[in-house]
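As a plain string of letters, each chain reads:
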Amino acid sequence: MEFTYEELKKNTVAQLREIAKGLEKEEVKGYTQMNKEHLLAALCKALCVDEHKHHVVVGINKAEVKKQIRNLKLKRDDALESGDKKQHKILIRRIHNLKRKIHRATV
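Residues numbered from 1 in each chain as written. Predicted model: local features only at pLDDT ≥ 70, side-chain atom pairs only at ≥ 80, totals over all residues. Heavy atoms only, no water.

## Section: the overall build of the chain
For step 1, the next point in the chain: The helix and strand inventory of the chain stands at five helices and zero strands.
For step 2, the next point in the chain: Counted from the first residue to the last, the chain has its helices and strands arranged as α-α-α-α-α.
For step 3, the next point in the chain: Computed over C-alpha atoms, the radius of gyration of the chain comes to 22 Å, more than 25% over the 13 Å expected from 2.2 N^0.38 for 107 residues, which places it beyond the range of a compact globule.
For step 4, the next point in the chain: Overall size of the chain, expressed as C-alpha extent along the three principal axes, is 65 × 30 × 20 Å.
For step 5, the next point in the chain: By the burial criterion, 24% of the 107 residues in the chain qualify as buried.
For step 6, the next point in the chain: Partitioning the intrachain contacts of the chain with sequence separation of at least 6 by distance along the chain shows that 48% fall at a separation of at least 24.
For step 7, the next point in the chain: As displayed, the chain offers around 8300 Å² of accessible surface, 51% of which is attributable to carbon and sulfur atoms.
For step 8, the next point in the chain: Charge separation in the chain, taken as the distance between the mean sites of 25 positive and 15 negative side-chain charges, equals 11 Å. (Helix = DSSP H or I, 4+ residues; strand = E, 2+ residues; numbered from the N terminus. Rg over C-alpha atoms; globule rule 2.2 N^0.38 Å. Buried < 20%, exposed > 50% of the residue type's maximum accessible area, 1.4 Å probe, protein only. Contact = heavy atoms within 4.5 Å. Areas by Shrake-Rupley, 256 points an atom, 1.4 Å probe, with all protein chains shown as cover. Lys, Arg positive; Asp, Glu negative; His and termini not counted. Charge placed at Lys NZ, Arg CZ, Asp CG, Glu CD.)

So, in structure tokens, the structure goes:
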């Protein structure tokens, strides 16, 4: 039976152990002693299921925003070296706001 990560995650530990019981793979050896987090990771590895969910950024150009963040980080470092605390704080807030912008646009 084919599983997805989301389907496996919805199962209880007992259900995951039942699935592991039917597998003769090295990754799930000792499944009776594993907690849900470790058992889920072992099952994903044994069943060749991708654990990582790929996120999509909608509504903004992520590459352009990251480029802005890199430029602001350089300016932030220069402000820190020159001792301009006010400018440093402003740049930190701008960087933070751009990171939040990316986070909000991620689906």
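## Some points on the packing of helix 2 (residues 13-21) against helix 3 (residues 36-47)
For step 1, the next point in the chain: Running from N to C, helix 2 and helix 3 point in directions that differ by 35°, and their axes come no closer than 10 Å. By crossing handedness, the relation of helix 2 to helix 3 is classed as left-handed. When helix 2 is examined against helix 3, the residues V13, L16, R17, I19 and A20 are found in contact with a partner set consisting of K36, L39 and L43.
For step 2, the next point in the chain: Split into classes, the residues belonging to the contact of helix 2 with helix 3 amount to six nonpolar, no polar and two charged. (Axes fitted to C-alpha atoms, helices over the stretch in contact; angles between N-to-C directions. Left-handed = near helix turned anticlockwise from the far one by under 90°. Nonpolar A, V, L, I, M, F, W, Y, C, P; charged D, E, K, R; others polar.)

## So, a positive patch on the surface
For step 1, the next point in the chain: Taken together, the side chains of K62, K66, K67, R70, K73 and K99 present a region of like positive charge at the surface.
For step 2, the next point in the chain: The greatest single-element share of the positive patch, amounting to five residues, is contributed by helix 4 (residues 62-82).
For step 3, the next point in the chain: Tracing the backbone shows K66 in helix 4. (Patch = residues over 30% accessible without salt bridge, like charges linked within 9 Å, V, L, I, M, F, W, Y side chains within 5 Å. Salt bridge = Lys/Arg side-chain N within 4 Å of Asp/Glu carboxyl O.)

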